[in-house]
Amino acid sequence: MSSICPTRYGAVVLAALCILSGCNGLVGPTGTATPSRTPGEATAAPATPGGSTPSTTTERSPASATPAADRLGWEAGYAATDPLPVNASDGLNATELNATVARTMARVELIRGLEFEEPVAAEVVSRETFRERNVRFVERRDPRVTEAFWEALFLVGEDENATGAIESVFGGGVVGYYADDRIVLVSDDASPRVDTGTLAHELVHALQDQQFGGVDRGETFDARVGTQGLTEGDPVAVERAYRERCTGEWSCLSRPRPSSDAGAIARHPGVYLAFVQPYATGPAFVEALRERSGNWTAVNEAYADPPRASEQVIHPGAYPDERPVNVTVPNRSGSNWTHIGNDTMGEGGIHVMFWANGLVPRGDDSVSTDYEHPRSAGWDGDTLVVYEETRDPDADAGGEGEMAYVWRTVWENGTEAQEFQRSYRAMLLVRHGAREVAPGTYHTGNGTFGDAFRVVRRNETVTVVNAPTVEALPEVHAS
């Protein structure tokens with residue numbers, strides 16, 4: 001659960017945030033103002049190796065002697081196995097937070113096999129202060145493309161704002177993030193408390209920043225999800241190893257109570273699953289790379305050439321050789337439709353679409369999936385082309401033009417393409433009550449996803465054209 005430094009990773013202000021029981025990977029805060037610290041909040045300055053030792057409150061001071069030079073598993077006077085001189089029962093003050101950060105850094109080094117090159121600052125803020133900072137979740141692209149993207153996946157309907165839906169799912173449960181070389185942890189308790197597993201996760205992002213610098217994240221939703229299979233799968237794997245050691249060989253601070261908004265997730269489970277896919281599938285991807293090299297070497301090397309699609313993370317064997325095909329859609333729109341942007345759904349997005357619309361079996365009522373199913377596994381590439389109806393200059397200025405799109409998917413072979421076409425058609429007819437008004441042409445009525453659709457397969461390619469009415473389909477994309 002985490003964030004990536006926006007300056008070096010090219011993230012969407014914050015590429016990810018620690019939230020709820022999973023993590024958001026493609027959205028981030030728009031505000032970065034830091035108000036004055038309120039009583040009960042703790043801020044730790046970057047710890048200097050060999051610096052002063054915090055005063056003891058309930059435990060003894062570190063037993064290890066400061067080495068002549070910094071080494072793996074040692075930070076700011078703390079070894080990974082040293083006890084902490086802190087009393088966490090009433091939260092952490094700045095001195096105690098410094099000690100906690102230093103020892104957690106040492107432990108992350110030991111697990112990850114990489115040395116921190118620079119100190120990392122951290123602060124703990126209350127939920128109230130976090131809200132005051134106006135940390136909002138938005139996607140850094142044309143909002144009209146955002147609306148069309150989530151509507152095309154049948155996850156957010158026309159009666160709701162997609163950006164608002166994203167914020168409702170992820171805005172209330174943030175527990176931490178990393179940005180501008182600084183970790184911010186959000187505490188729901190009156191006293192500033194720290195989940196050191198979350199801290200370890202965020203520290204891995206600082207370590208990525210220091211060791212690997214910039215990572216090409218791609219320009220589409222699917223490309224960013226693919227990249228985050230590495231950049232989020234890595235810290236999730238470290239966090240899991242950290243928590244496992246906390247149940248045995250390591251003494252760890254008790255975990256604070258979690259924060260969540262199950263109601264918001266229940267309203268938009270597909271949005272949630274689409275964003276948290278890197279956190280769910282990324283650790284297995286990272287483990288697969290570790291098995292290839294027998295250590296972390298293959299993981300480290302992957303930062304120079306990260307996954308380019310969710311497919312490569314869902315199926316680690318596809319990385320690095322099986323790249324998604326470049327899918328193009330010729331512009332066949334009429335003069336009254338204006339092209340406003342493109343995006344890519346990816347195998348993960350298509351899987352979630354079918355999951356949310358009842359075409360992927362669920363073993364229980366939990367909001368979870370392994371992102372693998374025959375309906376989506378044959379994906380080879382796709383592109384979504386979004387159009388907006390050109391407004392009549394004499395019309396009222398307050399309205400918005402109608403939206404439409406062309407979504408072309410390419411599959412590994414004709415059989416896989418046919419499976420997708422059948423699944424998509426079943427989703428329209430069964431889930432959304434569509435009528436087939438002509439061969440391959442459907443209308444879903446006046447509901448949340450009330451539109452016209454033309455679905456055409458040619459060999460391994462399936463093209464979906466969407467328009468407000470059946471009559472507008474050839475205007476959006478002539479057949």
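So, a few notes on the structure that sits alongside this text. Please read all numbers here as calculations on a predicted model, not as lab measurements.

## Concerning the overall build of the protein
No. 1: In terms of helices and strands, the protein carries 15 helices and 15 strands.
No. 2: For the protein, restricting intrachain contacts to residue pairs at least 6 apart in sequence, the fraction spanning at least 24 positions comes to 73%.
No. 3: If you sum the accessible surface of the protein, you get close to 19100 Å²; carbon and sulfur atoms cover 46% of it.

## Side note on the pattern of salt bridges
No. 1: For the structure on display, the rule yields 16 salt bridges.
No. 2: Across the salt bridge formed by D305 and R308, the nearest N and O atoms sit 3.2 Å from each other.
No. 3: Looking at R308, the relative accessible area reads 25%, which means it is partly exposed.
No. 4: Linked by salt bridges that have partners in common, D195, E239, R243 and R255 make up one network.

## Structural notes on the sheet that holds strand β13 (residues 441–443)
No. 1: Taken together, seven strands build an open sheet; the order of strands is β9-β10-β11-β15-β14-β13-β12 and the sheet is antiparallel. The outermost strands of the open sheet, each flanked by one partner alone, are β9 (337–343) and β12 (435–438). Across the sheet, the mean angle from the axis of one strand to that of its neighbour is 25°, orientation sign disregarded.
No. 2: Two elements, β9 and strand β10 (residues 379–389), share six bridges in a ladder whose sense is antiparallel.

## Some details on the pairing of β12
No. 1: Direction of pairing for β12 relative to β13: antiparallel, over a ladder of three bridges. Paired with A438 across the two strands is T441, which belongs to β13.

## Observations concerning unusual backbone geometry
No. 1: In this model, Y319 is joined to P320 through a cis peptide bond whose omega is 5°.
No. 2: At A76, a position not held by glycine, the phi torsion is positive, near 50°.
No. 3: Structurally, A76 can be placed in the loop between β4 (74–75) and β5 (78–79).
No. 4: Overall, the relative accessible area of 8% leaves A76 in the buried class.

## Overview of the packing of helix α2 (residues 94–112) against helix α8 (residues 233–246)
No. 1: Look at α2 against α8: their axes get within 10 Å of each other, and the N-to-C directions meet at 110°. The angle between α2 and α8 places the two elements in the roughly perpendicular class. Along its contact with α2, which presents T104, R107, L110, I111 and R112, the element α8 presents D234, V238, A241, Y242 and R245.

## As for helix α5 (residues 162–170)
No. 1: Among the residues of α5, A162, T163, A165, I166, V169 and F170 are the ones counted as buried. Within α5, the buried residues cover an arc of 160° as seen down the axis, which keeps them to one side.
No. 2: The opening residue of α5 is N161, an N-cap whose side-chain oxygen sits 3.0 Å from the backbone nitrogen of T163.

## Side note on the side chain of R107
No. 1: Tracing the sequence through the fold places R107 in helix α2.
No. 2: Discounting residues that sit within four places of it in the chain, R107 has contacts with A80, D82, Y242, W250, S251 and C252.

## A word on the packing of aromatic side chains
No. 1: Following the criterion strictly, the structure yields 19 aromatic pairs and no others.
No. 2: Judged by centre distance (5.8 Å) and plane angle (40°), the ring pair of F420 and Y424 falls under tilted. Of the two residues, F420 and Y424 both sit in helix α14 (residues 414–431), four residues apart, roughly one turn of that helix.
No. 3: Here the aromatic cluster, defined as three or more aromatic residues joined through ring pairs, consists of F154, F354, W407, W411, F420, Y424, F449 and F453.
No. 4: Just above the ring of F149 sits the side chain of R141; from NZ or CZ to the centre is 4.7 Å.
No. 5: Here the guanidinium or amino end of R290 rests over the ring plane of W296, the centre of that ring lying 4.2 Å away.

## Digging into the nonpolar core
No. 1: With 56 residues, the main nonpolar core has W150, I350, M353, W407, F420 and Y424 as its most contacted residues.
No. 2: Among the elements that take part in this core, helix α10 (residues 269–293) stands out by supplying seven residues, more than any other.
No. 3: Among the nonpolar cores identified, the runner-up in size contains 48 residues, and A80, V101, V238 and V313 belong to it.

## Description of the packing of helix α7 (residues 221–231) against α8
Relative placement of two packed helices is described by the angle separating their axes and the distance separating the axes.
No. 1: For the pair α7 and α8, interaxial distance at closest approach is 4 Å and the crossing angle is 30°. The orientation of α7 relative to α8 falls into the category roughly parallel. Residues Q228, G229, L230 and T231 of α7 lie in contact with α8, whose contacting residues are G233, D234 and P235.

## Looking at the environment of E436
No. 1: Along the chain, the position of E436 falls in strand β12.
No. 2: Note on E436: relative accessible area 38%, which makes it partly exposed.
No. 3: For the pair E436 and R425, spaced 11 residues apart in sequence, the C-alpha separation works out to 9.5 Å.
No. 4: A polar atom in the side chain of E436 sits 2.9 Å from the side chain of R425.
No. 5: A polar side-chain atom of E436 sits 3.0 Å from the main-chain amide nitrogen of G440.

## What to know about the state of the cysteines
Each disulfide consists of a covalent bond between the sulfur atoms of two cysteine residues.
No. 1: Within the structure shown, the criterion is met by one disulfide.
No. 2: Here C246 pairs with C252 through a disulfide, and the sulfurs are 1.9 Å apart. The sign of the -80° torsion about the S-S bond sets the C246-C252 disulfide as left-handed.
No. 3: The exposure class assigned to C246 is partly exposed, which follows from its relative accessible area of 25%.
No. 4: Among the residues examined, C252 registers a relative accessible area of 24% and is labelled partly exposed.

## Some words on a negative patch on the surface
No. 1: On the surface, E117, E118, D180 and D181 cluster together into a patch of negative charge.
No. 2: When you line up the elements, E117 lands in the loop between α2 and β6 (121–126).

## Some remarks on the pairing of strand β7 (residues 174–179)
No. 1: Of all six residues in β7, six are buried, a share of seventy percent or more.
No. 2: Pairing of β7 with strand β8 (residues 182–187) involves four bridges; the strand directions are antiparallel. Bridged to Y177 within β8 is V184.
No. 3: Hairpin connection of β7 to β8: two residues between the antiparallel strands, including D180 at a positive phi of 55°.

Procedures and definitions
- Counting of residues starts from 1 at the beginning of each chain's written sequence and follows it residue by residue.
- Totals for whole chains, interfaces and linings use every residue, but because this is a predicted model, local features are given only for residues with pLDDT of at least 70 and side-chain atom pairs only at 80 or more, for both listing and counting.
- The basis for every side-chain value is the complete set of non-hydrogen atoms in the structure, without hydrogens or water.
- Only DSSP runs of H or I covering at least 4 residues are called helices, and only runs of E covering at least 2 are called strands; the numbering of each starts at the N terminus.
- Contacts are residue-level and defined by heavy atoms, with any inter-residue pair within 4.5 Å sufficient.
- In this description, accessible areas are obtained by the Shrake-Rupley approach with a 1.4 Å probe, and a residue is regarded as covered only by the protein chains that are shown.
- Between Lys or Arg on one side and Asp or Glu on the other, a salt bridge is scored when a side-chain nitrogen of the former is within 4 Å of a carboxyl oxygen of the latter.
- Whether a residue is buried, partly exposed or exposed follows from its accessible area with a 1.4 Å probe, protein chains only, as a fraction of its type maximum: under 20%, in between, or over 50%, in that order.
- Whether two strands pair depends on DSSP finding at least two bridges between them.
- Helix axes are fitted to C-alpha atoms over the stretch in contact, other axes to C-alpha atoms as well, and angles between N-to-C directions run from 0 to 180 degrees.
- For classification purposes, an angle smaller than 35 degrees is called roughly parallel, one larger than 145 roughly antiparallel, one from 65 to 115 roughly perpendicular, and anything else oblique.
- Directions are taken from the helix axis to each C-beta atom, and the arc is the one they span.
- Whenever two N or O atoms come within 3.5 Å, that pair is a polar contact, provided that in protein one can donate a hydrogen and the other can accept it, and provided that, for residues adjacent in sequence, both atoms are side-chain atoms.
- Pairs were defined over the aromatic rings of Phe, Tyr and Trp, the Trp ring being its six-membered one, requiring ring centres within 6.5 Å. Orientation was assigned from the angle between planes: stacked under 30 degrees, edge-to-face over 60, tilted for the rest.
- Charge-over-ring contacts are defined here by two conditions on Lys NZ or Arg CZ: a distance within 6 Å of the ring centre and an angle within 35 degrees of the ring normal.
- We define the nonpolar core as a collection of buried residues of types Ala, Val, Leu, Ile, Met, Phe, Trp, Tyr and Cys that are connected through side-chain atoms lying within 4.5 Å of one another.
- Count a disulfide wherever a pair of cysteine sulfur atoms falls within 2.5 Å.
- Patch definition: residues above 30% relative accessible area lacking any salt bridge, with like charges linked at up to 9 Å and the nonpolar side chains Val, Leu, Ile, Met, Phe, Trp and Tyr linked at up to 5 Å.
- Positive charges come from Lys and Arg, negative ones from Asp and Glu, while His and the chain ends are left out of the count.
- Charge positions are represented by NZ for Lys, CZ for Arg, CG for Asp and CD for Glu.

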